[in-house]
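Survey of secondary and tertiary structure
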Amino acid sequence: MTGDVAAIRDVEITDVQTTTVAGNFDWTLVRVYTDAGIAGTGEAYWGAGVVDVIERLEPTLVGRNPCDIDRLFTDMLNVLSGEGSIGGTPVTAVSGIEIALHDLVGKLYGIPAHQLLGGTYREEVRVYCDCHAGEHLRSESTTDDLDDPYAPEAFADAAEAVIEEDGFDALKFDLDASKRLEDDAYNRHLDDEAITYKADVVRAVTERVGDDANVAFDCHWRYAGDSAIRLARAIEPYDVWWLEDPVPPENHDVQGEVTRRTETTIATGENVYRKHGVRRLVEEQAVDIIQPDMPKVGGMRETRTIADMADTYYMPVCLHNVSSPIGTMASAHVAAASPTFLALEFHARDIEWWGDLVEETVLEAGRIAVPDEPGLGVTLDRDAVEAHLKPGETLFDEA
């Protein structure tokens with residue numbers, strides 16, 4: 001069957017199943033089955049109701065040819081139009097199925113998924129490690145006896161540990177981690193003392209790291225425009241890779257104002273959906289780096305389309321990622337096929353069994369080698385998946 005083009009056009013989808021793994025997020029794995037005995041595996045971004053929506057989409061897919069990925073994508077969104085298929089859970093659910101279709105079609109044709117996206121620009125993908133605030137690190141080299149785990153030097157200790165122990169040359173920290181000196185969570189205001197503290201964290205980390213790694217800082221949409229601008233300006237003297245999500249995601253005018261009024265590189269994009277949600281950010285250059293989350297924004301081809309949009313403005317693309325190895329490898333295929341790709345997130349350093357979920361080695365020394373095997377190029381370890389199922393979940397069928 002594999003590679004037999006005429007036979008592949010007669011293949012039909014027979015079933016869609018899900019399994020949820022309890023990681024640091026709920027990793028919702030999606031499997032699409034066919035009458036050819038070949039199945040594809042994907043992953044949807046976590047969230048309430050995702051599995052229900054995937055189950056609702058099964059009748060739209062059964063009996064259809066899996067190779068018509070774009071048409072199936074459009075049909076699924078149309079079916080969900082009443083639920084609001086411009087964003088949120090409907091798009092997340094469709095994304096998981098779309099990734100599984102790329103794995104499946106790649107296997108049917110005997111080619112890696114990135115070739116379905118146009119082929120590779122690079123043989124390996126650079127990965128940055130999300131270090132949170134560093135308090136989760138299991139390292140004797142961190143300052144365990146430090147009275148204040150959110151002191152600037154504690155962040156710097158964590159950065160040093162990740163570089164030395166895991167070989168990463170790219171990191172990210174949560175600059176809003178301690179909520180220190182943020183007296184009111186609702187008014188989004190930072191006074192000068194709060195900004196000085198955050199700038200001290202940035203100084204401590206970047207000075208400790210030096211040229212050994214690039215370092216980004218995340219704000220999780222917490223601050224008002226004025227506070228975000230003052231914070232971004234306060235950290236301009238330091239070697240900041242980017243400042244992420246400094247303002248809430250709804251108002252792109254404010255986002256653009258923040259970007260234009262600082263020399264600090266600004267990144268955002270994980271909380272917008274599909275190419276339409278990204279359009280203004282790119283066209284108005286309201287952000288320096290666009291940062292979609294592939295299993296959330298619309299899947300592999302939609303993310304590749306967003307990368308093409310960004311390329312017309314010479315805008316780098318980073319991929320937000322909190323996935324299991326399945327979603328992470330799918331993102332790596334998109335990254336390899338996107339010309340202006342910069343880095344892919346890894347958000348599970350504290351999950352020791354993360355890599356055990358697949359038979360292959362996915363991440364090594366801050367890099368993912370882009371596989372040439374058919375589909376996504378990874379195989380689920382069913383025993384490992386079953387050992388870490390979310391309570392009440394059952395393992396989906398073998399292919």
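Here is a short report on the structure shown in this document. (Residues numbered from 1 in each chain as written. Predicted model: local features only at pLDDT ≥ 70, side-chain atom pairs only at ≥ 80, totals over all residues. Heavy atoms only, no water.)

With that settled, consider the sheet that holds strand S1 (residues 13-22). Pairing is antiparallel across the open sheet formed by three strands, whose spatial order is S1-S2-S3. Looking at strand neighbours, the two that pair on one side only are S1 and strand S3 (40-44), the edges of this open sheet. Each adjacent strand pair in this sheet contributes to an overall mean axis angle of 25°, direction not counted. Against the sheet, helix H4 (residues 88-109) touches S1, strand S2 (26-34) and S3, its axis set at about 155° to S3. (Pairing = 2+ DSSP bridges. Helix = DSSP H or I, 4+ residues; strand = E, 2+ residues; numbered from the N terminus. Axes fitted to C-alpha atoms, helices over the stretch in contact; angles between N-to-C directions. Contact = heavy atoms within 4.5 Å.)

Take the packing of helix H12 (residues 300-311) against helix H13 (residues 325-336) next. Orientation of H12 relative to H13, taken along the N-to-C sense of each, is 35°, at an axis distance of 10 Å. Here H12 runs over H13; the crossing is right-handed. Contact with H12, carried on its side by Met-300, Thr-303 and Arg-304, involves Ala-330, His-333 and Val-334 of H13 and no other residues of that element. (Left-handed = near helix turned anticlockwise from the far one by under 90°.)

Here helix H2 (residues 50-61) spans 17 Å end to end across twelve residues, near enough to the 16 Å set by a 1.5 Å rise per residue. Looking only at H2, the buried set comprises Val-50, Val-53, Ile-54, Leu-57, Thr-60 and Leu-61. Looking straight down H2, one finds that the buried residues subtend no more than 100° of arc, so they occupy a single side. With respect to the buried face of H2, the exposed residues turned more than 90 degrees away are Asp-52 and Pro-59. If you follow the buried residues of H2, they end up packed against S1, S2, S3, helix H3 (69-79) and H4. (Expected span 1.5 Å × (residues − 1). Buried < 20%, exposed > 50% of the residue type's maximum accessible area, 1.4 Å probe, protein only. Arc of directions from axis to C-beta.)

Looking now at the nonpolar core. The tendency in soluble globular proteins is for nonpolar side chains to be buried side by side. Counting residues in each nonpolar core, the largest one holds 90 residues, and the members touching the most others are Val-125, Leu-171, Phe-173, Phe-217, Ile-290 and Met-300. The element that contributes the greatest number of residues to this core is helix H7 (residues 192-209), accounting for eight residues. Contact partners of Val-125, with chain neighbours within four places excluded, come to Ala-332, Ala-335, Ala-336, Phe-341, Leu-344, Gly-366, Arg-367, Ile-368 and Val-370. In this structure, Met-76, Val-94, Ile-97 and Val-105 belong to the second largest nonpolar core, which totals 30 residues. (Core = buried A, V, L, I, M, F, W, Y, C linked by side-chain atoms within 4.5 Å.)

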